[in-house]
Amino acid sequence: MTVDTYRPRRSVLYIPASNDKALAKIGTLACDAVIIDLEDAVLAADKKAARDKVAGILAGREKRCEMVVRINALASEWGADDLLAVAKAEPDGILLPKIGTPLDILEAGDLLDDNSVPDGVKLWAMVETPRALLNIGAIAEPGRDPASRLNCFVAGTNDLVKATGILADRRYLMPWLMQLVLAARAGGLDVIDGVANDFRDLDAFAGECAEGAAMGFDGKSLIHPAQIEPANRAFSPSAEALAEARAIRDAFARPENAGKGVIALDGRMVERLHLAQAEKLLAKAAVIGA
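All of the points below concern the structure found in this document.

Analysis parameters
Note on numbering: residues in each chain are counted from 1, in written sequence order. At least 70 in pLDDT is required for a residue's local features to be given in this predicted model, at least 80 for side-chain atom pairs to be given and counted, and no such filter applies to totals for whole chains, interfaces and linings, which use all residues. Here the side-chain values reflect all heavy atoms present in the structure, with hydrogen atoms and water set aside. Only DSSP runs of H or I with at least four residues qualify as helices, and only runs of E with at least two residues qualify as strands; both kinds are numbered from the N terminus onward. The globule rule used here is 2.2 Å times the number of residues to the 0.38 power, and the radius of gyration it is set against is calculated over C-alpha atoms. For each residue, the accessible area found with a 1.4 Å probe, counting protein chains only, is set against the maximum for its type, and the residue is called buried under 20%, exposed over 50%, and partly exposed in between. Note on definitions: a residue-residue contact is assigned when non-hydrogen atoms from the two residues lie within 4.5 Å. Method for areas: the Shrake-Rupley scheme with a 1.4 Å probe, in which residue coverage is limited to the protein chains shown. Between Lys or Arg on one side and Asp or Glu on the other, a salt bridge is scored when a side-chain nitrogen of the former is within 4 Å of a carboxyl oxygen of the latter. Definition used in this section: a nonpolar core is a set of buried Ala, Val, Leu, Ile, Met, Phe, Trp, Tyr and Cys residues joined via side-chain atoms within 4.5 Å. We call two strands paired when DSSP finds no fewer than two bridges between them. In this analysis, axes come from line fits to C-alpha atoms, helices being fitted only over the stretch in contact, and the angle between any two N-to-C directions falls in the range 0 to 180 degrees.

1. What about the overall build of the protein?
- When you go through the protein residue by residue, the secondary structure sums to 12 helices and 10 strands.
- Rg of the C-alpha trace for the protein: 20 Å, near the compact-globule value of 19 Å for 290 residues, within the 12% margin.
- Its C-alpha atoms give the protein principal-axis dimensions of about 70 × 45 × 40 Å.
- Going through the 290 residues of the protein one by one, you find that 47% of them count as buried.
- Contacts in the protein between residues at least 24 apart in sequence constitute 70% of all its contacts with a sequence separation of at least 6.
- Carbon and sulfur atoms provide 55% of the accessible area of the protein, an area that totals close to 13800 Å².

This is the structure in structure tokens:
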């Protein structure tokens, strides 16, 4: 994503479409994005009723909060109906679960195009299966073409643990998470880290957020409002990082450095690629008010 189109996604909160109490609080939450969930959080018997509620939920959306709807897998009995019904309500994004190949993205995009859904409705993709991980570079490639609508990856860590049989320990997920970040960057996509299941241990959660930010994730997917503040803090630029960015910007702005590709700053070499990084960080900080 370019700075011009930057939308913060530091905190992305799942809310079941069947949970009226939680839905009523959306306007009071400080999260950057909400995912209205029609999939895992909704029982089979309630799926159609949950789908029918989406239009009303989105009609009262808060403009500052990005609104995404996770539908059921397109291969399921609910998926195609979910996609078209949700698209009519024009959310900011539709999250596709259980993707496995680029074709899953392209077919969903074609369905939206064939039904004249506005280009502003983007596609997000859950990466939660071994097949998706094996194909992750190819799945990210459509992100380079705006016509594909692909906009963001979300790590489905719980499903990956279940599908692979690894111990539910983040250490064993690390190689796959790093591969996911790499593929997202190659495709020009945002990428959101997986959930932390123990929402009561906020110290551990904050540590996981800091780790995710260091790994290059844009934000964290959440299961409880108490996790919003630690996520926003971890995925916002620190005061130290902002001070360094300003120093780099100001140094290159000096007349004596005009036209120079490399300068010395505080005893270290700084290149124009560092200036580009600094300017991007400062622009993002301005958007989130950091």
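2. What about the pattern of salt bridges?
- Tallied over the full model, the rule gives 28 salt bridges.
- Residue Glu-128 pairs with Lys-98 through a salt bridge whose shortest N-O separation is 3.6 Å. Of this pair, Glu-128 sits in the loop between strand E5 (122–127) and helix H5 (130–134) while Lys-98 sits in the loop between strand E4 (93–96) and helix H4 (102–114), and the two are 30 residues apart along the sequence.
- Residue Glu-128 is classed as buried on the basis of its relative accessible area of 1%.
- If you follow the salt bridges from partner to partner, you end up with Asp-37, Glu-39, Asp-40, Arg-70, Lys-98, Glu-128 and Asp-159 in one network.

3. So, the nonpolar core
- Counting 61 residues, the largest nonpolar core has Ile-36, Ile-94, Leu-96 and Phe-153 as its most contacted members.
- In terms of residue count, helix H8 (residues 170–186) provides more of this core than any other element does, six residues in total.
- Beyond its immediate stretch of four places on either side in the chain, Phe-153 contacts Ala-125, Val-127, Ile-136, Ile-139, Ala-140, Leu-180, Ala-184, Leu-189, Asp-190, Val-191 and Ile-192.

4. A few points about the side chain of Thr-157
- Among the structural elements, Thr-157 can be located in helix H7 (residues 157–164).
- Not counting residues within four places of it along the chain, the set of residues in contact with Thr-157 comprises Leu-173, Leu-177, Gly-194 and Val-195.

5. Concerning the sheet that holds strand E1 (residues 11–16)
- The eight strands are arranged E1-E2-E3-E4-E5-E6-E7-E8 in a closed barrel whose pairing can be described as parallel. Here the average twist between neighbouring strands, direction ignored, is 25°.
- As paired strands, strand E2 (residues 33–37) and strand E3 (residues 66–70) are joined by five bridges and run parallel to one another. Looking across to E3, one finds that Ile-35 is bridged to Val-68.
- In the packing of H4 onto the sheet, the strands contacted are E4, E5 and strand E6 (150–155), and the crossing angle to E5 comes to about 155°.

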